[in-house]
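# Descriptive analysis of the structure
Here's the letter readout for the chains.
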Amino acid sequence: GENVEQHPSTLSVQEGDSAVIKCTYSDSASNYFPWYKQELGKRPQLIIDIRSNVGEKKDQRIAVTLNKTAKHFSLHITETQPEDSAVYFCAATTGANNLFFGTGTRLTVIP
Amino acid sequence: EADIYQTPRYLVIGTGKKITLECSQTMGHDKMYWYQQDPGMELHLIHYSYGVNSTEKGDLSSESTVSRIRTEHFPLTLESARPSHTSQYLCASSESMWGLSYTFGSGTRLTVV
């Protein structure tokens, strides 16, 4: 089955700096890669996703990149703000199976 | 508003009690899931269902059971709660055809004393 690894487990950045979270996956058939943000005491919510036919996707200050050959994908947050502080999860799926989640990254943005 | 709802949000219960955590969604999704989330944040899949009368165990062994008698309802039951069951339980759902992404409920934080 699929195995998703996520790094780092914790990340602290100064407000205004960029943050990068990286994930690798094992199943070359995986073709959908969502990212979820979970604020303290709240539910995980989808913030951005990418399919395997696309190498990069942007939505304002967040972007996701995918390298199918190396089987890794990354979340990039630019100009970080205190409200970006949360736990972020990457995930992967072939579509025929469930989502496989990474172990999460706790991002802290220091004002 | 179409969403997924979990009740109760918080539950403190004594050891040995039977409990049922409720999960209902109004989005017409076929697939539903239960996750156990550690304080350390990792999400562990404990049960899932692809439709009515379909239930499967997830990756993490759990003493809980689930049922799926109606599309919108996916309750989780613990016959005899123990302190080791203390955790946050998250329910999620997704569409069958294009539903690769999950919608999560707000969770139930269970404490067994």
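See the structure shown above.
Residues numbered from 1 in each chain as written. Chains lettered and ligands numbered in written order. Predicted model: local features only at pLDDT ≥ 70, side-chain atom pairs only at ≥ 80, totals over all residues. Heavy atoms only, no water.

## Describing the interface of chain B and chain A
Cut-off, in case you're wondering: Contacts were defined at the residue level, with two residues in contact if any of their heavy atoms lie within 4.5 Å. Take the accessible area each of two parts loses on contact, using a 1.4 Å probe, and add the two losses: that sum is the buried area. The working definition used for a salt bridge is a side-chain nitrogen of Lys or Arg within 4 Å of a carboxyl oxygen of Asp or Glu. Here a polar contact is taken to be a pair of N or O atoms separated by no more than 3.5 Å, where protein atoms must pair a possible hydrogen donor with a possible acceptor and residues adjacent in sequence count only if both atoms sit in side chains.
On the chain A side, the residues contacting the 23 residues of chain B number 20 residues. Of all residues in chain B, Met41, Leu100 and Phe104 of chain B bury the most surface against chain A, accounting for 37% of the area lost on that side. On the surface where chain B and chain A come into contact, there are 1 salt bridge. Across the pair Arg43 of chain A and Asp3 of chain B runs a salt bridge whose closest N-O atoms are separated by 2.9 Å. Taken together, the links from chain B to chain A amount to 8 residue pairs in polar contact (both at pLDDT 80 or more).

## Some words on the pattern of salt bridges
Residue and element names in this part refer to chain A. Cut-off, in case you're wondering: Using a 1.4 Å probe on the protein chains alone, a residue whose accessible area is under 20% of its type maximum counts as buried, one over 50% counts as exposed, and one in between counts as partly exposed.
Inspection of every chain in the model, using the stated rule, returns 6 salt bridges over all chains. As a salt-bridge pair, Lys57 and Asp49 come within 2.8 Å of each other at their nearest N and O atoms. Residue classification places Lys57 among the partly exposed residues on the basis of a relative accessible area of 34%.

## Considering the nonpolar core
Where we set the bar: Buried Ala, Val, Leu, Ile, Met, Phe, Trp, Tyr and Cys residues form a nonpolar core when they are joined through side-chain atoms within 4.5 Å. In this text, helices come from DSSP runs of H or I with a minimum length of four residues, and strands from runs of E with a minimum of two, each type numbered from the N-terminal end.
One finds Trp35, Phe73 and Leu107 of chain A to be the most contacted residues of the largest nonpolar core, which totals 23 residues. For this core, the secondary structure elements donating two or more residues are strand S2 (10-14), strand S3 (19-25), strand S4 (32-38), strand S5 (45-51), strand S7 (62-67), strand S8 (72-77), strand S9 (86-92) and strand S11 (105-110) of chain A. One finds Phe89 and Phe101 of chain A together with Tyr35 and Leu100 of chain B within the second-largest nonpolar core, a separate group that totals 18 residues.

## Some remarks on the packing of aromatic side chains
Rules: Within 6.5 Å between ring centres, the rings of Phe, Tyr and Trp (the latter by its six-membered ring) count as paired, and their orientation is classed by plane angle as stacked under 30 degrees, edge-to-face over 60, tilted in between. Any Lys NZ or Arg CZ that is within 6 Å of a ring centre and within 35 degrees of that ring's normal is treated as a charge sitting over the ring.
What the rule picks out here adds up to 15 aromatic pairs over all chains. Ring centres of Phe101 of chain A and Tyr35 of chain B lie 5.6 Å apart, and the angle between their planes is 90 degrees; this geometry places the pair in the edge-to-face category. Separated into two different chains, Phe101 of chain A in strand S10 (residues 100-101) and Tyr35 of chain B in strand S4 (residues 31-37) make up a pair that spans both. Looking at Phe101 of chain A, the relative accessible area reads 14%, which means it is buried. Each residue in the set Tyr36, Phe89 and Phe101 of chain A together with Tyr33, Tyr35, Tyr102 and Phe104 of chain B is aromatic and connected to the rest through ring pairs, giving one cluster. The ring centre of Tyr50 of chain B lies 4.8 Å from the NZ or CZ of Lys31 of chain B, which sits over that ring. The aromatic ring of Phe74 of chain B is capped on one face by Arg68 of chain B, whose charged end is 5.9 Å from the ring centroid.

## Describing the sheet that holds strand S7 (residues 65-66) of chain B
As a general point, the strands of a sheet are linked pairwise by backbone hydrogen bonds and lie either parallel or antiparallel. All names here are of chain B. For clarity, the cut-off: At least two bridges found by DSSP between two strands are what make those strands a pair.
In spatial order, the strands read S1-S3-S8-S7; together these 4 strands make up an open sheet with antiparallel pairing. Taken across any chain shown, the strands that pair with only one partner, and hence form the sheet edges, are strand S1 (4-7) and S7. Across 2 bridges, the pairing between S7 and strand S8 (residues 76-78) is antiparallel. The residue bridging Val66 from the neighbouring strand is Leu76, located in S8.

Shape is all these values report; function is a separate question.
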